[in-house]
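Coordinates in review
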Amino acid sequence: MIDLAKALTDEELKAAAEAGKLKNLKGFGEKSEQRILEALTASPKPGDQGIHIHHALRAGESILEYLATSRDFIKGEFGGDLRRWQETVSQIVIVAAAKKPKALIDHFLRFPMVVRTEERLADRATVLSEGSKATLIAVTAKEFAVALFKATGSEAHLQRVDEIASRRPSERFGGDL
């Protein structure tokens, strides 16, 4: 039996997970064991160390304030890790409703704190700003709620929602419609 009261090194924890010993502990299952093993074996990518939430909030607020200076801006919200209040976030994600989404993206790319544009697509742009990545997803007001939902949910959650949504209406609601 593993005594979790003792501090395990990463190597000891990895060995225990690989041996299948964690899933037998109270409060742990196969999924927990798998997630721990994935986290311990994943090699960190450059720029993936994350930024603390208080830095991300400050940088995100300054981006939102800048976006609000555009006449095309309607409203904006944080998405992703920041919206889920994760302690560290991989990037700042902002979903904004705009009268002209393309014009708002152009405005975003002129933000004085942008160091480099990493990606630009029809509905979004990713930049390096204030030492972190920031992505703006610009949509019409009608598309805002769905875009915010998609920008915030985890991949697993979004896949599950898609599975449920793809069922016939009678299956979703448990009866004939």
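Our subject is the structure that appears above.
Presented here is an overview of the structure given in this document.

Reading the values: rules and limits
- Residues numbered from 1 in each chain as written.
- Predicted model: local features only at pLDDT ≥ 70, side-chain atom pairs only at ≥ 80, totals over all residues.
- Heavy atoms only, no water.
- 1 Å grid on protein atoms, 1.4 Å probe; cavity = no way out; pocket = protein on both sides within 12 Å on 5 of 7 lines; lining within 4 Å.
- Points joined across faces, edges and corners; volume = space filled by probe spheres on them.
- Helix = DSSP H or I, 4+ residues; strand = E, 2+ residues; numbered from the N terminus.
- Nonpolar A, V, L, I, M, F, W, Y, C, P; charged D, E, K, R; others polar.
- Pairing = 2+ DSSP bridges.
- Axes fitted to C-alpha atoms, helices over the stretch in contact; angles between N-to-C directions.
- Contact = heavy atoms within 4.5 Å.
- Salt bridge = Lys/Arg side-chain N within 4 Å of Asp/Glu carboxyl O.
- Buried < 20%, exposed > 50% of the residue type's maximum accessible area, 1.4 Å probe, protein only.
- Phe/Tyr/Trp six-rings, centres within 6.5 Å; stacked < 30°, edge-to-face > 60°.
- Core = buried A, V, L, I, M, F, W, Y, C linked by side-chain atoms within 4.5 Å.

1. Thoughts on empty space enclosed by the protein
- The tally for this structure, following the rule as stated, stands at 1 cavity of 30 Å³ or more.
- Its volume calculated, the largest cavity comes out at about 30 Å³.
- Looking at the largest cavity, the residues that line it are Ile63, Leu67, Ile92, Ile94, Phe108, Ala134, Thr135 and Leu136.
- Put simply, the parts of the chain that give the lining of the largest cavity at least two residues each are α3 (53-67), β4 (92-98) and β7 (132-139).
- Looking at which element gives the most residues to the lining of the largest cavity, the answer is β7, with 3 residues.
- A class-by-class count of the residues in the lining of the largest cavity yields 7 nonpolar, 1 polar and no charged.

2. Topic: the sheet that holds strand β5 (residues 114-120)
- Taken in spatial order, the 5 strands make up an open sheet running β2-β4-β7-β6-β5, and their pairing is mixed. At either margin of the open sheet sits one strand with a lone partner, and together these are β2 (73-79) and β5. When the angles between neighbouring strand axes are averaged without regard to direction, this sheet yields 25 degrees.
- As judged from the 6 bridges shared by strand β6 (residues 124-129) and β7, these two strands associate in the antiparallel manner. Bridge pairing in β7 links arginine 124 to isoleucine 137.
- Strands β2, β4 and β7 of the sheet are contacted by α3, whose axis makes an angle of about 165 degrees with β2.
- Along the sheet, helix α6 (residues 144-152) makes contact with β2, β4 and β7, crossing β2 at roughly 20 degrees.

3. Description of the pattern of salt bridges
- Counted according to the given criterion, the structure contains 8 salt bridges.
- Between arginine 83 and glutamate 77 there is a salt bridge, with the nearest N and O atoms lying 3.4 Å from each other.
- Among the residues examined, arginine 83 registers a relative accessible area of 37% and is labelled partly exposed.
- We note a salt bridge from arginine 120 to aspartate 106, for which the minimum N-O separation is 2.4 Å. Of this pair, arginine 120 sits in strand β5 while aspartate 106 sits in helix α5 (residues 101-109), and the two are 14 residues apart along the sequence.
- Taken together, the salt bridges that share partners define one network made up of Lys102, Asp106 and Arg120.

4. Quick notes on the packing of aromatic side chains
- Within this structure, the stated rule accounts for 1 aromatic pair.
- The interplanar angle of 45 degrees and the centroid separation of 5.0 Å between the aromatic rings of tyrosine 66 and phenylalanine 111 together place this pair among those described as tilted. Placement of tyrosine 66 in helix α3 and of phenylalanine 111 in the loop between α5 and β5 is noted, with a sequence separation of 45 residues between them. The same class applies to tyrosine 66 and to phenylalanine 111, which are both buried.

5. Considerations on the nonpolar core
- Counting 26 residues, the largest nonpolar core has Leu67, Ile92, Ile94, Leu104, Phe108 and Leu136 as the members making the most contacts within it.
- Looking at this core, the elements with two or more residues in it are α3, β2, β4, α5, β6 and β7.
- Looking at which element gives the most residues to this core, the answer is α3, with 7 residues.
- When sequence neighbours within four positions are dropped, the list of residues in contact with leucine 104 reads Leu67, Ser70, Phe73, Ala96, Ala98, Leu136 and Ala138.
- Of all hydrophobic cores here, the second largest spans 9 residues; its members include Val93, Ile137, Phe144 and Leu148.

6. Focus: the pairing of β5
- Where β5 meets β6, 5 bridges bridge the pair, whose relative direction is antiparallel. Residue pairing across strands places arginine 116 opposite leucine 128, the latter belonging to β6.
- With antiparallel pairing between neighbouring strands as the criterion, β5 and β6 make up a hairpin whose turn holds 3 residues.

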